[in-house]
Protein chains: 2
Amino acid sequence: MKKYNWEDWEKAYDAGKVIFSTWKDLSFFRINKDFKAYPVGTFFNESLFVRGYPSIPRIYVLKTGLIRYLSYPFYAEEKIEGYNVRLVKIGKDILAFTRRGYVCPFATDRWEDFLPTIPNFLNKYPDFVICCEVAGPENPFVSEWPPYLKRDIHFFVFDFAQKGTGEFLPGSRKINLLQKFKLNHPEISGPFHPEKDYEKIKDLIRRYHREGREGLVFKPEEKGTRVKYVTPYSNLTDLKVVFPYLGEVDPHFISLRLIRLLLNLYEFEEFKDEVYKTLGTNLFEEALKSIKEKKVFDEVFRVRFKNLENYHALLAHFKQARVNIEIIKQSWENGYFLVEFKKIYPRATQFWGQKLEGWGEVD
Amino acid sequence: MKKYNWEDWEKAYDAGKVIFSTWKDLSFFRINKDFKAYPVGTFFNESLFVRGYPSIPRIYVLKTGLIRYLSYPFYAEEKIEGYNVRLVKIGKDILAFTRRGYVCPFATDRWEDFLPTIPNFLNKYPDFVICCEVAGPENPFVSEWPPYLKRDIHFFVFDFAQKGTGEFLPGSRKINLLQKFKLNHPEISGPFHPEKDYEKIKDLIRRYHREGREGLVFKPEEKGTRVKYVTPYSNLTDLKVVFPYLGEVDPHFISLRLIRLLLNLYEFEEFKDEVYKTLGTNLFEEALKSIKEKKVFDEVFRVRFKNLENYHALLAHFKQARVNIEIIKQSWENGYFLVEFKKIYPRATQFWGQKLEGWGEVD
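Residues numbered from 1 in each chain as written. Chains lettered and ligands numbered in written order. Predicted model: local features only at pLDDT ≥ 70, side-chain atom pairs only at ≥ 80, totals over all residues. Heavy atoms only, no water.

## Focus: the domain arrangement of chain A
Residue and element names in this part refer to chain A. Entries for chain A in the domain assignment read domain 1 (54–230), domain 2 (233–293) and domain 3 (298–356). Taking the mean C-alpha position of each, domain 1 and domain 2 sit 25 Å from one another. Counting residues at the interface gives 19 residues for domain 1, matched by 16 residues for domain 2. The contact between domain 1 and domain 2 buries some 1600 Å² in all, and 55% of this surface belongs to carbon and sulfur atoms. Taken together, the links from domain 1 to domain 2 amount to 1 salt bridge. (Domains from an automatic or database assignment. Contact = heavy atoms within 4.5 Å. Buried area = accessible area lost by both parts, 1.4 Å probe. Salt bridge = Lys/Arg side-chain N within 4 Å of Asp/Glu carboxyl O.)

Okay, structure coming up:
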């Protein structure tokens, strides 16, 4: 592995930027904070090096943003509301790593239900990292999902990256492999031209907004900058879902969504009436209900596992990450272990509790 | 002056917490950052010590907050939307000091138009600091004002503090002096009991909201904690006025107003329909107009001065504070020098400009 020099890594390790991690027999290092050119979530050991999935800059205005960053040909891929994992073949195992470089016990347990051709694929291409979104109503981390997913979860493959360099496969080759191996993937449109196809891309956003989809990621056919853009629907839903849990989430989250929403309206005047009509409800209705009813702020999640060992690994992960959970129900059903659990949110409880109890604050 | 020991002040001066300031022949030190028990805006020299006006904690819920902090008897004073100055007699002059301890050339120029009995008052009570709000459509600093003020400004006296200790005069004595000297002041209601008069205080907030007033400051008759509470009107208007100028103002400003508004609705369900109906417009309409029309973000202010020297001091103050202004009109009218000027907002221009030009951001 020529990709790194050990002296640098030792320094990073001493500074707490690199963390020693294990998963069963596997041990590896995980980058916890962007370090040199390596993004958070990069992980490696003596025989493996996988780069973290890079952050994709957001554009606020399509008209000017597409021209600034893209040229013909590029693709517009549906951005799925879920969480990002990378499937990697390590020895005989295929493991799912989260954005931060942890092994995700849940995605590791479930990928084969949704991507059954992956073992063949990785036998043929063992040096590929399969980047996908895990999304759906029954996942342990995210409270939003595409509305067309009505139960459980699904995996959406959106990139193949090389181990080591992290280089992505070109668009057309990716599409080819997705089809050949029948891998579930986000809707891909294009190829597009950033100026000539502006109206087509606006139409996509119009449809995605109506259908409750999150947005688009624009990817050049070859190497180059990728950018993303989200629908008003996504911004409105984020507001609804997060406002009750302020305290857990930085209040800045709210302002950011409102800024994005304003710039949605700047470019899509036709959404103005709808946004004006629903904004109050989206912002306040859930939060009002919560602060009226709850003493302790919590959120219910449902998941299904095939393998109890993975379920226990998820519990251990929550414990290590100091996520306080309470199990509501567990049962075997059609070969799956179904779990319903609550995450307890002490910071949201304190955030709203103090205000409701009449404590004053200097702001 | 036993109030402070010079060694401490020297340290604070070296740390940049105390700033040397002048106004004509007067020189003094000004506390620039809270220092020990002294709030920002405290100022002093060898013969004078005036404490900064203390921050008043905000409560988000009247029902629990009033009981927590107040007991019978306390007063509910109208909170005026404007800026806080302290009038102080120094030698033969009566000068207005801002919240941060600068001499305010504008308020110093104009107080005698609105508080003509102050010279008599301060001859009788030279050790009193007169705390007042300067508010109205023609002030150089604040873009909001009570809607019942249709032109120019007004001064509202809300406290008398002792030089040196900063101690406030008890409520009934204050009311007595305000009346005796016919000093304009915010509406004062009470005395109240925090539990028995909860409904009366809610009624005040209902009326203030309808009348477009900012809110209430609750002050115990004697010493003790003061707290404040603002109307949904004030929160909605803050959102409208500030959203276009994000970049100049921290986006956190927006989230804070929304949190306050949610807790308004928690306690005043009757405002829900109105808030839901107007929130979108309040948040986005002005900002949309600005980003569509403006290349450079600016804001127009109008002021009138009696004394050109004070006007020039205001210009010097803007220059020193790096506020970029552009004079639009100046003319003498009925003994007043009328000035219309623009503040140019480079940070807001950049904040929106970058997004409009399609620049991407990682957030």
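## Points about the interface of chain A and chain B
Facing the 50 residues of chain A at the interface are 50 residues of chain B. Carbon and sulfur atoms supply 67% of the area buried between chain A and chain B, which totals about 4600 Å² over both sides. Contact with chain B buries surface across chain A, with Leu 262, Tyr 276 and Phe 284 of chain A losing the most and accounting together for 15% of the total. There are 8 salt bridges connecting chain A and chain B. At the junction of chain A with chain B, the criterion picks out 27 residue pairs in polar contact (both at pLDDT 80 or more). Those elements that provide at least two residues to the side of chain A that touches chain B are α2 (62–69), α8 (252–267), α9 (272–293) and α11 (346–356) of chain A. A total of 13 residues in the side of chain A that touches chain B trace back to one element, the largest contributor, which is α9 of chain A. Its residues assigned to classes, the side of chain A that touches chain B comprises 30 nonpolar, 9 polar and 11 charged. (Polar contact = N/O pair within 3.5 Å; in protein donor to acceptor, adjacent residues only side chain to side chain. Helix = DSSP H or I, 4+ residues; strand = E, 2+ residues; numbered from the N terminus. Nonpolar A, V, L, I, M, F, W, Y, C, P; charged D, E, K, R; others polar.)

## So, the UniProt feature "domain: RNA ligase Pab1020 C-terminal" (unreviewed entry) in chain A
This chain's UniProt record puts "domain: RNA ligase Pab1020 C-terminal" (unreviewed entry) on residues 241–359 of chain A. This span, residues 241–359 of chain A, is 54% helix and 23% strand, and a straight line between its end C-alpha atoms measures 25 Å. (UniProt positions renumbered as here; feature names shortened; annotations may be inferred.)

## Some thoughts on the pattern of salt bridges
Using the criterion set out here, one finds 64 salt bridges over all chains in the structure. One connected set of salt bridges, linked through shared partners, spans Arg 110, Glu 112, Asp 113, Glu 138, Asp 152, Arg 304 and Lys 306 of chain A.

## Thoughts on the state of the cysteines
Residues and elements named next belong to chain B. All told, the structure shown has 0 disulfides over all chains when counted by the stated rule. Distance from the sulfur of Cys 131, which forms no disulfide, to the nearest cysteine sulfur (Cys 132) is 7.4 Å. In this structure Cys 131 comes out as buried when scored by relative accessible area, which is 1%. Here Cys 132 falls in the buried class, since its relative accessible area comes to 0%. (Disulfide = S-S within 2.5 Å. Buried < 20%, exposed > 50% of the residue type's maximum accessible area, 1.4 Å probe, protein only.)

## A short note on the UniProt feature "domain: RNA ligase" (unreviewed entry) in chain A
In the numbering used here, UniProt assigns the "domain: RNA ligase" (unreviewed entry) feature to residues 73–230 of chain A. Its end C-alpha atoms 21 Å apart, residues 73–230 of chain A is made of 26% helix and 33% strand.

## Observations concerning the sheet that holds strand β11 (residues 215–220) of chain B
Residues and elements named next belong to chain B. With antiparallel pairing, 4 strands are arranged side by side in an open sheet as β10-β5-β11-β12. Of all the strands in the sheet, the pair left with one neighbour each is β10 (188–192) and β12 (227–230). Taking each pair of neighbouring strands and ignoring which way they run, the sheet shows an average axis angle of 25°. As paired elements, strand β5 (residues 74–79) and β10 share 3 bridges and run antiparallel to each other. Bridge pairing links Ala 76 to Ser 189 in β10. (Pairing = 2+ DSSP bridges. Axes fitted to C-alpha atoms, helices over the stretch in contact; angles between N-to-C directions.)

## Focus on the sheet that holds strand β8 (residues 128–135) of chain B
All names here are of chain B. Strand order in this open sheet of 4 strands is β7-β6-β8-β9, and the pairing throughout is antiparallel. For this open sheet the edge positions go to β7 (93–98) and β9 (154–162), each flanked by a neighbour on one side alone. On average, adjacent strands in this sheet sit at an angle of 30° to one another, irrespective of strand direction. In this sheet, β7 lies alongside strand β6 (residues 83–90) in antiparallel orientation, the contact comprising 6 bridges. Bridge pairing links Val 85 to Thr 98 in β7. Against the sheet, helix α5 (residues 171–180) engages β8 and β9, with an angle of about 135° to β9.

## Things to note about the relation of the copies chain A and chain B
The second copy of the chain is related to the first by a rotation about an axis and a shift along the axis. In the superposition of chain A on chain B (RMSD 0.0 Å, axial shift 0.1 Å), the rotation amounts to 180°. Such values leave the two copies arranged in the relation of a two-fold axis. Here 100% of the contact residues of chain A are again contact residues in chain B; the copies associate through an equivalent surface. (Least-squares fit on C-alpha atoms with pLDDT ≥ 70 in both.)

## Some points on the pairing of strand β6 (residues 83–90) of chain A
Residues and elements named next belong to chain A. Most of β6 sits out of view: 8 of its 8 residues are buried. Neither face of β6 is exposed, since Tyr 83, Val 85, Leu 87 and Lys 89 on one face and Asn 84, Arg 86, Val 88 and Ile 90 on the opposite face are all buried. Sheet analysis places β6 next to strand β8 (residues 128–135), joined by 5 bridges and oriented antiparallel. The residue bridging Arg 86 from the neighbouring strand is Cys 131, located in β8. Linking β6 back to strand β7 (residues 93–98) in an antiparallel pair, the connection comprises 2 residues, with Gly 91 at a positive phi of about 65°.

## Here's the deal with unusual backbone geometry
Cis geometry marks the peptide bond from Tyr 72 of chain A to Pro 73 of chain A, where omega comes out at -5°. Note on placement: Pro 73 of chain A falls in the loop between α2 and β5 (74–79). A positive phi angle, close to 50°, is found at Lys 36 of chain B, a residue other than glycine. Structurally, Lys 36 of chain B can be placed in the loop between β2 (26–31) and β3 (43–45). For Lys 36 of chain B, a relative accessible area of 60% corresponds to the exposed category. Of note in the backbone geometry, Lys 182 of chain B takes a positive phi value of approximately 50° without being a glycine.

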